[in-house]
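Architecture and fold: a report
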Amino acid sequence: MIDSTTVMELQSTLPLHSGDIHCIAVHRDVIVTTSGSSIIRVFNGPDYTEKSYSPLQIHKYHVIHCVLTSDGSRLIATSMDGKASVVDTQTGRLLAYHQQPSDVGMRAACLSSYDHLAAFGACDGTIAIMEMDTYKTLKTMSVNDDETILALCFTPDTHWLLSGHSVTGDIRVWNAQYLSNKPAAVQMTAHEMGTQFLQISPKYKGKPGESNDGVQFVSGGADCLIHIWSISYDDVTSPRLSKLNTLVGHTGPVYCVKYNSTGETLVSCGGDFTVRLWNMDGECIFVNVEAHTSFINSLAFSADDKQIYTCSCDRTVKVWGVTDTLNLKGEYFIKI
């Protein structure tokens with residue numbers, strides 16, 4: 001394992017938000033951050049200058065999660081005020097929003113392949129699905145009143161929607177085409193104390209309606225573990241989840257874990273203040289034990305895998321340079 005003290009050198013620390021930074025989403029041309037101070041900040045990707053309309057104050061309470069469309073033209077943000085907003089990243093204009101009927105907080109969000117559908121997860125155990133062409137809410141599914149939907153992701157063919165749950169720690173699989181209130185499959189207690197994050201491997205790039213049998217995905221949990229899974233199905237009614245590997249090393253909850261663009265490397269972060277790189281054999285190939293001074297809530301690879309972005313409850317966003325061999329080297333910060 002690489003000695004992180006010889007690879008990374010702390011140069012400066014700059015605050016970006018007046019509250020904890022919950023999430024970061026990165027596109028080649030756009031970077032978005034959300035925070036506990038209820039604001040959204042939007043930056044130009046190439047030079048990290050802030051957009052003229054930023055910061056955005058379109059939510060009343062904590063903005064928990066954000067995701068960008070594949071072309072970076074729109075962002076989706078979920079908030080504890082019960083709204084999921086869709087914003088034009090060029091102008092900062094609010095295009096649409098989904099309002100939870102009970103006004104309960106919204107946490108998770110994801111987009112399907114080709115940005116056709118968006119899914120939102122709420123603290124009352126409901127999942128809403130929105131059509132991105134019309135911004136019409138197609139379905140709201142009641143899953144469980146006693147637990148929060150912490151994570152969501154679509155399979156590449158947009159047939160299945162996976163959800164991660166707080167109390168049971170389940171991963172559940174829903175038919176996103178028929179929008180049934182009953183899950184098609186359940187992996188009970190995938191993570192004890194909660195499944196915090198889900199992401200499909202980018203190796204699978206299916207078109208809507210086309211099968212991607214044996215798709216791999218990754219999950220991170222409050223039990224400090226990372227699992228790599230496969231979802232397979234013979235027909236549209238019987239998906240099966242299989243655990244392929246477990247990655248052990250974090251000493252705190254794993255809040256976020258992401259594939260690089262090739263699907264050959266994972267980067268993870270969490271409640272132990274560390275950033276870790278993993279290969280697909282489950283080996284930790286790098287750990288930075290001094291990445292932040294508080295919980296690291298979210299991270300992202302740049303489109304070319306040459307940088308890793310991390311955000312934390314210490315109210316900073318850090319941008320880490322990555323060598324061709326995926327050794328972290330140096331650091332700098334988004335400036336306002």
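This report concerns the structure included in the present document. (Residues numbered from 1 in each chain as written. Predicted model: local features only at pLDDT ≥ 70, side-chain atom pairs only at ≥ 80, totals over all residues. Heavy atoms only, no water.)

Here we look at the state of the cysteines
- Scanning the model with the defined rule gives zero disulfides in all.
- Cys66 takes part in no disulfide bond, and the closest cysteine sulfur, belonging to Cys23, lies 3.7 Å away.
- Looking at the unpaired Cys110, the closest cysteine sulfur is the one in Cys153, lying at 6.5 Å. (Disulfide = S-S within 2.5 Å.)

With respect to the sheet that holds strand E6 (residues 83-88)
- Read from one edge to the other, the open sheet built from four strands follows the order E4-E5-E6-E7, with strand pairing classed as antiparallel. The strands lining the two open edges of the sheet, one partner per strand, are strand E4 (63-68) and strand E7 (94-99). The mean angle between the axes of side-by-side strands here comes to 20°, regardless of whether they run parallel or antiparallel.
- Bridge analysis of strand E5 (residues 74-79) against E6 gives five bridges, and the strand direction is antiparallel. When the bridges of E6 are listed, Arg74 appears paired with Asp88. (Pairing = 2+ DSSP bridges. Helix = DSSP H or I, 4+ residues; strand = E, 2+ residues; numbered from the N terminus. Axes fitted to C-alpha atoms, helices over the stretch in contact; angles between N-to-C directions.)

Details of the pairing of strand E11 (residues 136-142)
- Note that strand E10 (residues 126-131) and E11 share six bridges and pair antiparallel. Following the sheet pairing, Glu131 is matched in E11 by Lys136.

Brief notes about unusual backbone geometry
- Omega for the peptide link from Ser54 to Pro55 comes to 5°, which places this bond in the cis form.
- One non-glycine residue, Tyr135, lies in positive phi territory at about 60°.
- Mapped onto the elements, Tyr135 comes out in the loop between E10 and E11.
- Not every positive phi belongs to a glycine, and Cys224 is a case in point at roughly 75°.
- According to the relative accessible area criterion, Cys224 is buried, its value standing at 19%. (Buried < 20%, exposed > 50% of the residue type's maximum accessible area, 1.4 Å probe, protein only.)

Details of the packing of aromatic side chains
- All chains considered together, the criterion is met by four aromatic pairs.
- Centre to centre, the rings of Tyr255 and Phe295 are 6.1 Å apart; their planes meet at 70°, and the pair counts as edge-to-face. Separated by 40 residues along the polypeptide, Tyr255 in strand E20 (residues 254-259) and Phe295 in the loop between strand E23 (284-288) and strand E24 (296-301) bring together distant segments of the chain.
- On the accessibility criterion, Phe295 (36% relative accessible area) is partly exposed.
- Among the aromatic side chains, those forming a connected cluster through ring pairs are Tyr255, Phe273 and Phe295. (Phe/Tyr/Trp six-rings, centres within 6.5 Å; stacked < 30°, edge-to-face > 60°.)

Some thoughts on the nonpolar core
- In this structure, Val218, Ile226, Leu266, Val267 and Ile308 are the most contacted members of the largest nonpolar core, which totals 25 residues.
- Broken down by secondary-structure element, the contributors of at least two residues to this core are strand E18 (225-233), E20, strand E21 (265-270), strand E22 (275-279), E23, E24 and strand E26 (317-322).
- With four residues, the top contributor of residues to this core is E20.
- Sequence-distant contacts of Ile226, defined by excluding residues within four places in its chain, comprise His191, Val218, Ser219, Asn245, Thr246, Leu247, His250, Val254, Val257, Ser268 and Trp278.
- Cys153, Leu162, Val173 and Tyr233 belong to the second largest nonpolar core, which has 16 residues in total. (Core = buried A, V, L, I, M, F, W, Y, C linked by side-chain atoms within 4.5 Å. Contact = heavy atoms within 4.5 Å.)

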